[in-house]
Amino acid sequence: LSSGISQSRVVPSRADSRAAHIAAMDVWVNASNDSAADAGDFSGELGPHDLELNFSQYLRNNATLYIILGAVLALYFGLFLREMQWRRRQRDQVRGTEKESKAHEFAEILVCNLMPSFRFSKFQFRGMQPKVETISLEFEDLSLELKNGQRVLKGVTGNFGSGKMCAIMGPSGAGKTTFLNTLCGKVNYGTMVGTVRVNGQETTVSKFRSVTGFVPQDDIVFEDLTVREQIFFSARLRNDVSTSEKRIAHVVNDVLHIMHIDHIQNTIVGGVEQRGISGGQRKRVNISLELAAQPTLLFLDEPTSGLDATSSVAVALSLKTLCGLGMTSIMVIHQPRYSLFTLFDDVLLLGEGGQTVYLGDARGAKKYFEHLGFAMPGNENPADWFMDVISGEVKNAGIARFQPEMLFEMWHNNKSFAASNHNESGARMRKGRTLNFKEYQMDRAELTESLEEEFGKIDENHTGVIGEDELSLLLTSIAGAEPGETVVRELMDRMAGPNAETVFKSQFLSYLNGLSEGSHGNSDDSENGENEALHARGQKLSRKTPGFFMQMRILMTRRLVQWWRMAGRMVFIIALIFAATFFGVLDRYIVVQHLWDSDPVLYLHTALALLMGVFCLHIFGDAQPLFWRERARGMNVPAFYLSRVTINMVDLVIQTFFFTAIYYVIRQPRVPYSTWALPFLLVSLVASAWGTLVSLAARPVKGAFFVTLLIFVSCGLLGQPTMLVEFLQGGPVEVIVSSLSLTRWSVAMNFCTSATRLHPDPMRMGLKDSAVFALQEQVYLKRDWWGIGIWETALCAMLVMSTGIRVIAFVLLVYRNRDKNV
């Protein structure tokens, strides 16, 4: 006994201890609202009557638990209904895409039967429209000066025209990616030297961020979203705030079609742990995230790396088609085959040290190097041959001791030849377009005549108007096959507008003629199409993207979709259930302890804090590259942070409820569930805040170690009563411990509640129990800092701790890795 009392070091004599206990009991009795009849007798060892409750007492003590259970189930059911609604919406959109594809295929059959030579446009845009204003870039003496004074690029001068697809090529170490990053204003490890002009005005590309896209070399995508969801959320976040939902849906469909990923649109992208789409398809999704924003200027860093030659050409053709809408595309590309190389309008070839070797028409590059005295073998890929010339692997017939550095001077001396060659190529292209246009006009006139003839056969009254049934007959007559009802309805909507009951002959002819090459489908968004066009003309090269509240709603929706697919949640719930059951059985049937004793509560809080801290590492741990990418595109950082933290609260509530409810039912603490479980919820809040902070401060592979160490120190070491009695003596040590140890406050709340509700009587305890009670009383009932009560003080301290840690985490999110612009 003397040993136990001496260890407590807070009870100088039994008489003094009894006096202190009696005074404390007077406070508790006066503060208690419960009658003494509801309190148990906890003197000495627990007897069987202290543990066994009759049924009415059981219901009374557990009523709050069942009410909260109903609220948690209602929350979960509401989220489930929201998820079912989202899935149904996605299925409807997939079916709509399939219906559009079938209608387009049937329309092609119609025209083919009337005029087999008619050239079809592979893509019919319904959401993406020609640019109101395009962007051309000029750069003069562009260089990058590093912080150590060294220059990476050296005086690159040239221009990329609007609506063109341009390539940047060169051997390894030539500074291709550096030039791309410098041009678009993403370089933060040096200072740009030189001049950049946008449409002739000296400025920086970063000022046009709302209409600019950048595709990183790494495929940074959401692994737990489907292909369609990825593109949809990107479109919602980055298009003009006035863009309607229907227009957004059409833009998403356009991107899916043009990138040839509509057949996998409902497939989760996946990653290393969960197999999803292929690597090539993942690359296409990476590009699609930027195309969904309908950029006027698009930069791409090696978009074909990892793709086979056929897929590379397909991607380039898709981008080339979008350039026809007025988009300027500039990309770094590695060793393309010649059929891909010739798709580019302009190509910039860089040599060692980032100096210009050639800038001009892609088809004229071979002629330029031959003009310099180089001879290309017959079976050589010109694109590879260019790299060999720049690397010094090809001899020059006119220069005996040729060195690659000579190419820079040759470029300065032969710019006029490249310019004249570029002009000749442009003239040939314009002549070809003129001839093609004349052929197109003749074909269109012939097609119109055939369509009018077929239309007249069905429109016997010559009113120029037919209904749905008559349109079905007309389609059957031309195609030689009966279309389905959905195809007829879709074609009618496309020709005459949504829910139209009749189709005019002019609408019929206009739609089918619009299938030709060089034409672009018109958006049928009758609600907002005209207003959006006017708005776009007013905004020109800037757009008003969604603000904080709208982004918050979009990001919350996205996070909820991810929440339902989160792997590993069930493992944590099982771990929580096992821990709660283990501690409940241990405390009630094996190591029987007093209900007022704080030691079991300390262990419970520590276990819960450890589990919740580790669980919350996923909030930002693996999502930081995605955050860097979206932040660079204008995403609102507070909205991103709050959306993830808010949805995480759902997990905190549900998992804390499972943990506390199971233990409460087994242990039966004889206090109301709500006041008993609230400290556990606060523990989850603080522990999750620590997990959030660690996920932002440490690398994901080390996060679990740091959280475990942090919880062990703050809860296990600094929260022990025998340690706290030494720490809580005032001064800076007490301030530090009170700021770091969450169990210093949470256990105090549970101990205060138990002491107030259960009225333990130290006079009826054994000497050892009396000494333990005195120690815990000395530790947990010592501070009432603001004069609002011990329990209330601990509540405020926990809320302040949780809020403070989350604010620090937010500051870390904003300012750490600010140079990471993906």
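Please refer to the structure higher up on the page.
Let us look at the structure shown here. (Residues numbered from 1 in each chain as written. Predicted model: local features only at pLDDT ≥ 70, side-chain atom pairs only at ≥ 80, totals over all residues. Heavy atoms only, no water.)

## Notes on the overall build of the chain
Summing up its helical and strand segments, the chain has 30 helices and 12 strands in all. The buried share of the chain, reckoned over its 822 residues, is 53%. Here the contacts in the chain between residues at least 6 apart in sequence split such that 78% fall between residues at least 24 apart. Taken as a whole, the chain presents about 36,700 Å² of accessible surface, with 56% of it coming from carbon and sulfur. (Helix = DSSP H or I, 4+ residues; strand = E, 2+ residues; numbered from the N terminus. Buried < 20%, exposed > 50% of the residue type's maximum accessible area, 1.4 Å probe, protein only. Contact = heavy atoms within 4.5 Å. Areas by Shrake-Rupley, 256 points an atom, 1.4 Å probe, with all protein chains shown as cover.)

## A word on helix α7 (residues 245-258)
End to end, α7 covers 20 Å across 14 residues, agreeing with the expected 20 Å (1.5 Å per residue, within 8%). For α7, a buried count of 10 out of 14 residues is recorded, marking the element as mostly surrounded by other parts of the structure. Among all positions of α7, only Arg247, Ile248, His250, Val251, Val252, Asn253, Asp254, Val255, Leu256 and Ile258 are buried. (Expected span 1.5 Å × (residues − 1).)

## Concerning empty space enclosed by the protein
Tallied over the entire structure, the rule returns 7 cavities of 30 Å³ or more. The space that makes up the largest cavity amounts to roughly 140 Å³. Residue lining of the largest cavity: 15 residues in total, with Leu595, Asp597, Val601, Trp676 and Ser754 positioned closest to the centre. Where the lining of the largest cavity is concerned, the elements lending two or more residues are α21 (599-615), α23 (637-667) and α28 (743-758). A per-class count over the lining of the largest cavity returns 9 nonpolar, 4 polar and 2 charged. The calculated volume of the second largest cavity comes to roughly 70 Å³. Lining the second largest cavity are Leu79, Arg82, Glu83, Trp86, Thr557, Leu560, Val561 and Trp564. Put simply, the parts of the chain that give the lining of the second largest cavity at least two residues each are α4 (55-114) and α19 (548-564). (1 Å grid on protein atoms, 1.4 Å probe; cavity = no way out; pocket = protein on both sides within 12 Å on 5 of 7 lines; lining within 4 Å. Points joined across faces, edges and corners; volume = space filled by probe spheres on them. Nonpolar A, V, L, I, M, F, W, Y, C, P; charged D, E, K, R; others polar.)

## Here we look at the pairing of strand β7 (residues 297-301)
With respect to burial, β7 is a largely interior element, 5 of its 5 residues being buried. Burial along β7 is two-sided: the face carrying Leu297, Phe299 and Asp301 and the face carrying Leu298 and Leu300 are both buried. Relative to β7, strand β6 (residues 212-215) is paired through 4 bridges, and the arrangement is parallel. Within β7, the position partnered with Val215 by the bridge is Leu300. Where β7 lies against strand β8 (residues 328-332), 5 bridges are found, and the strand directions are parallel. (Pairing = 2+ DSSP bridges.)

## Focus on the side chain of Glu100
In this structure, Glu100 sits in helix α4. Among residues more than four places away in sequence, those in contact with Glu100 are Arg126, His250, Asn253, His257, Glu490 and Arg494.

## Side note on the packing of helix α6 (residues 227-238) against α7
In contact at an axis separation of 10 Å, α6 and α7 are set at 130° when each is read in the N-to-C sense. The pairing of α6 with α7 is recorded here as oblique in orientation. The chirality of how α6 crosses α7 is right-handed. Between α6 and α7, the contacting residues are Val227, Arg228, Ile231, Phe232, Ala235 and Arg236 on the first element and Glu245, Ile248, Ala249, Val252, Asn253, Val255 and Leu256 on the second. Residues that form the contact of α6 with α7 fall into these classes: 9 nonpolar, 1 polar and 3 charged. (Axes fitted to C-alpha atoms, helices over the stretch in contact; angles between N-to-C directions. Parallel < 35°, antiparallel > 145°, perpendicular 65-115°, else oblique. Left-handed = near helix turned anticlockwise from the far one by under 90°.)

## Re the packing of aromatic side chains
If you walk through the whole model with that rule in mind, you get 42 aromatic pairs. Centroid distance Phe139 to Phe160: 5.3 Å. Interplanar angle 50°. Geometry classified as tilted. Of this pair, Phe139 sits in strand β1 (residues 137-146) while Phe160 is found in strand β2 (residues 156-160), placing the two residues 21 residues apart along the sequence. Among the aromatic side chains, those forming a connected cluster through ring pairs are Tyr338, Phe341, Tyr358, Tyr368, Phe369, Phe374, Trp385, Phe386, Phe402 and Trp411. A cation over an aromatic ring shows up here: Lys186 above the ring of Phe214, its NZ or CZ 4.6 Å from the ring centre. (Phe/Tyr/Trp six-rings, centres within 6.5 Å; stacked < 30°, edge-to-face > 60°. Lys NZ or Arg CZ within 6 Å of the ring centre and 35° of its normal.)

## Considerations on the pattern of salt bridges
Tallying each qualifying case throughout the model produces 22 salt bridges. Linking Glu223 and Arg282 is a salt bridge whose minimum nitrogen-to-oxygen distance equals 3.5 Å. You can see Glu223 sitting in the loop between β6 and α6 and its partner Arg282 sitting in helix α8 (residues 279-291), a full 59 residues away along the chain. The partner of Glu468 in a salt bridge is Arg489, and the shortest N-O contact between them spans 3.2 Å. (Salt bridge = Lys/Arg side-chain N within 4 Å of Asp/Glu carboxyl O.)

## Digging into the pairing of strand β9 (residues 346-351)
Burial analysis of β9 places 6 of its 6 residues in the buried class, which makes it a mostly covered element. Pairing between strand β3 (residues 165-169) and β9: 4 bridges, direction parallel. The residue bridging Met169 from the neighbouring strand is Leu349, located in β9. For β9 and strand β10 (residues 355-361), the ladder comprises 6 bridges, and the chain directions are antiparallel. Opposite Leu350, over in β10, you have Thr356 as the bridge partner. Two successive antiparallel strands, β9 and β10, enclose a turn made up of 3 residues, where Gly353 displays a positive phi of approximately 90°.

## With respect to α28
Its 16 residues place the ends of α28 21 Å apart at the C-alpha level, agreeing with the 22 Å of an ideal helix rising 1.5 Å per residue. The buried count for α28 comes to 15 of 16 residues, which makes it a mostly enclosed element. Just beyond α28, the residue with positive phi is His759, at close to 50°.

## Comments concerning the sheet that holds strand β5 (residues 201-202)
Taken in spatial order, the 4 strands make up an open sheet running β2-β1-β4-β5, and their pairing is antiparallel. In this open sheet, the two strands that pair with only one neighbour each are β2 and β5. Pairing of β1 with β2, which is carried by 4 bridges, proceeds in the antiparallel orientation. In the strand pairing of β2, Glu138 is matched with Asn159.

## As for unusual backbone geometry
Non-glycine residue Glu302 carries a positive phi angle of around 50°. Relative to the helices and strands, Glu302 is located in the loop between β7 and α9 (309-323). One non-glycine residue, Gln335, adopts positive backbone phi at about 40°. Among the structural elements, Gln335 can be located in the loop between β8 and α10 (338-341).

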